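# Analysis of the macromolecular model
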Amino acid sequence: MFHTEAHAPENRHYEQLREFIREQIDKPGPLIQVLHRAQEIFGYLPMEVQDFVAREMNIPHSEVYSVVTFYNFFRTEPIGDHIINVCLGTACHVKGAQLILDALADELDIHVGGTTEDRFFTLSTARCFGACGLAPAMMIDEEVYGKLTVDKARKAIREFRKTTEKK
Amino acid sequence: MKKRLDVLVCGGAACIASHSQDFKNRLIEVVKDHDLEDEINIIETGCMGPCELGPVMVVYPDGAFYIRLKPEYAQRIVEEHFLKGRPVEEFLWQAPEARKIVEEKRQIPFFEKQHKVVLENCGRIDPENLNEYIGNDGYQALARCLTEMTPDVVIDTVTSSGLRGRGGAGFPTGLKWKLARRSAGDVKYVVCNADEGDPGAFMDRAILEGDPHSVIEGMAISGFAVGASRGFVYVRAEYPLAVRRLRRALEQAREAGLLGESILESDFSFDLEIRIGAGAFVCGEETALMASVEGHRGMPSPKPPYPSEQGLWEKPTVINNVETLANLRHIILKGAEWFAAMGTAKSKGTKVFALSGNVTNTGLVEVPMGITLREIVYDVGGGIPGNKALKAVQTGGPSGGCIPAEHLDTPIDYESLAELGSIMGSGGLIVLDEDNCMVNMAKFFLEFCVEESCGQCSPCRIGLKQMLRVLERITRGEGRLEDLDDLERMAGTIKATSLCGLGQSAPNPVLSTLKYFRDEYEAHIREKRCPALVCTDLITYTILADKCTGCTACARKCPVNAISGEVKKIHVIDQGICIHCGACFEACKFDAIERR
């Protein structure tokens, strides 16, 4: 992702976002869809990006900020290159999701919500991604890992790092 | 052209997570190697239901049901089954009792008691292929509405079918439409609520992924009935596959002239747009959902005005749940009487449930209304693993409650579940056994609602937080008996005074567990004991002198150095230092640590 580039006032990423805003601006109520795109482009929504969206859409920055901070999905802090989401939905909860989460926090030596020093992993939680049949489950980026045990979860992130770094 | 064998590989979310696509790709390769492409039709379908067994595959015409597939099985399946007609028995589903091989999918108990209406196509057709949907009477219902029916007749049909909203509250769908149709104005909207936020619910996800056209057709029918030409599908950002399949389906429907201007040469024009949510549970509430579609913070607003009078951008709006919409085509094609013949006096049709928790067959099931919880848990769900005792069934997510084992024979409908202190909800059904602590469950749901409260009204924002503090105290062993009355009193106030459905229903999990499992609360308070051994602060670990070999494994694992003892001598845990983490319990190979 492009953390540093969010701070450069003009670059191709902003151009990309500007184009998307132009496509959406005449549709009714486009702000949330614009923020989704912005987060896809920049990885998160720092003040600079929020301000850009406000100016391009001709709405107050406060309105953009109020929406960004309301929804769990939008992030104002940069994250690591890969995000681990441990599901804390009901089915996962009754099958010991908290133990998995604690073990991963221990394995990565970070708090929940934190990012490893090398910016490789961010450890986060999810509300339920509907893989209840595979509880307890987690996702690394878009891939679901199900029927976890503490050991399986630890092994999964070690292997993920190994295979990703090889590429 | 009909091929010799139809091979359906499940592409539901759970099977994909179990790598069904690796298996499918390998199968395609092997079929190609044997030059069987002209004889074998391989299709990736939506969710077939038995998620726990995935990846699964059915081979028709005989209906052989393969489970837990791996890419390396493909070779044998092709050579023995596809070429020589002998299903590979060791990969087929087998009845647990007799290790009897069941060759036909429909004879498997998991499927036997189910009655698939909404899920008819899920797991049977390729969700990315419009022609397969059309081949199964797809868009016939819309065509009938446009050519043979008036909007009023459509509304009457839906009304007399008895269909009620499947999102949880159970409002009669026909009545909702009638109110919106009667509202003045040229511009009206229909909205599909696909913001399935209850943890433990994945019915809508499976429908959108497995049969997206049935939802699109349902929305077009509702648009025709109420006089709307524009619709929105509000879907969770957490469901990328559902969004992808829905997008594809929308493109196909537009290309085929089933959405857009003058559909099927009638004067009805209708189109749809997808709006992706951004992770806020409260947006499942209809007024909050509309605020979010409009691009604002998803804050609920007072009713009246109801959405049917003033909804999106203050225009009359009908909001229906995914499963409700997927029922419509069947009602139009098979008639109101057919639909009303299923179910109980006040709850008609079928209901899709997401069965999970401590049950053998987790997955997606569709059953007629009026079936008992016992039939769902034991017949369809295969009972509790490890022969443990069932304690309760949780329905309705954070707005629902826990139904104890003694009420398992209650027939399921909207009214009977409400009488028991729970709700039908959207369909999450979580089985809890003796190892689940009910106080912890109540705390879990309350934590959820505290975090998801939008914060605009104080009973919900402040009241739930106070209830949570009390529960936290109880689970730490610092509760007082008066706390239980306080909890009930606060719950009553919050239910009576909160602005929206989230706050009004958030105390339900606490109230229903207090009603049926008060003894568990009292054990936490009086005896400082968690009977299910879940609440960590109340668990005590002690080393049994007669079993300890002095191997030091526990002492080495203890993160706070609470265990002392020399090699080959009995170890002791210092209870003053112990943080109850259980690391020693896991580490001990001699069962020498007792957990109480």
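Because the structure is predicted, anything quoted here is derived from the model rather than measured.

### Re the overall build of chain A
Along chain A, the regular secondary structure elements total seven helices and four strands. Each helix (α) and strand (β) of chain A, taken in turn from the N terminus, gives the series α-α-α-α-β-α-α-β-β-β-α. Taken along its principal axes, the extent of the C-alpha atoms in chain A is 50 × 35 × 25 Å. Counting over 167 residues, chain A shows a buried share of 39%. Restricting to contacts in chain A with at least 6 residues of sequence separation, those with at least 24 account for 60%.

### Points about the overall build of chain B
A tally of regular secondary structure across chain B gives 24 helices and 19 strands. Its C-alpha atoms give chain B a radius of gyration of 27 Å, near enough to 25 Å, the size a compact globule of 596 residues would have. Considering chain B as a whole, with its 596 residues, one finds that 54% of them fall into the buried category. Long-range contacts, defined here as pairs at least 24 residues apart, represent 71% of the contacts in chain B between residues at least 6 apart.

### Description of the pairing of strand β12 (residues 363-368) of chain B
It is a general feature of regular strands that their side chains alternate between the two faces of the sheet. All names here are of chain B. Most of β12 sits out of view: six of its six residues are buried. Judged from the six bridges that link them, strand β11 (residues 350-357) and β12 form a sheet pairing that is antiparallel. Residue F353 lies in a different strand from β12, and its bridge partner there is V365. In sequence, β11 turns back onto β12 through a hairpin of five residues.

### Concerning the sheet that holds strand β1 (residues 82-87) of chain A
All names here are of chain A. Across the sheet, which stays open at both edges, the four strands sit in the order β2-β1-β3-β4 with mixed pairing between neighbours. Every other strand in the sheet has two partners, leaving β2 (121-126) and β4 (143-145) as the edge strands with one partner each. On average, each strand axis in the sheet is inclined to that of its neighbour by 25°, with strand direction left out of account. Strand direction decides the pairing type here: β1 and β2, joined by six bridges, are parallel. In the sheet register, I83 faces β2, and the bridge partner there is T122. Strand contacts of helix α6 (residues 97-108): β1, β2 and β3 (138-140), with the helix running at about 150° to β1, the strand carrying the most contacts.

### Here's the deal with the domain arrangement of chain B
Many authors give the size of an interface as the accessible area that is lost as the parts come together. Under the domain assignment used here, chain B contains domain 1 (5-108), domain 2 (130-339), domain 3 (350-433), domain 4 (438-526) and domain 5 (540-595). Taken over C-alpha atoms, the centre of domain 3 of chain B sits 40 Å from the centre of domain 5 of chain B.

### Quick word on the interface of chain A and chain B
Of the residues lining the interface, 32 residues belong to chain A; the matching set on chain B comes to 40 residues. At the level of elements, α2 (31-42), α4 (61-70) and α5 (90-94) of chain A are the ones that each hand at least two residues to the side of chain A that touches chain B. Partitioning the side of chain A that touches chain B into residue classes produces 19 nonpolar, 11 polar and two charged.

### Some remarks on the environment of E29 of chain B
Residue and element names in this part refer to chain B. Its place among the elements puts E29 in helix α2 (residues 20-33). Since 14 C-beta atoms lie within 10 Å of it, E29 is described here as partly exposed. Along the chain, E29 and N436 lie 407 residues apart, while their C-alpha atoms are 46 Å from each other.

### Some words on the confidence of the model for chain B
Counting all residues, the mean pLDDT for chain B is 93, and 98% of those residues have values of 70 or more. Overall fold confidence for the complex sits at a pTM of 0.91, while the interface term, ipTM, reaches 0.87.

Criteria and thresholds
Residues numbered from 1 in each chain as written. Chains lettered and ligands numbered in written order. Predicted model: local features only at pLDDT ≥ 70, side-chain atom pairs only at ≥ 80, totals over all residues. Helix = DSSP H or I, 4+ residues; strand = E, 2+ residues; numbered from the N terminus. Buried ≥ 20, exposed ≤ 12 C-beta atoms within 10 Å, placed from the backbone. Contact = placed C-beta atoms within 7 Å. Rg over C-alpha atoms; globule rule 2.2 N^0.38 Å. Pairing = 2+ DSSP bridges. Axes fitted to C-alpha atoms, helices over the stretch in contact; angles between N-to-C directions. Domains from an automatic or database assignment. Nonpolar A, V, L, I, M, F, W, Y, C, P; charged D, E, K, R; others polar. pLDDT = per-residue confidence, 0-100.

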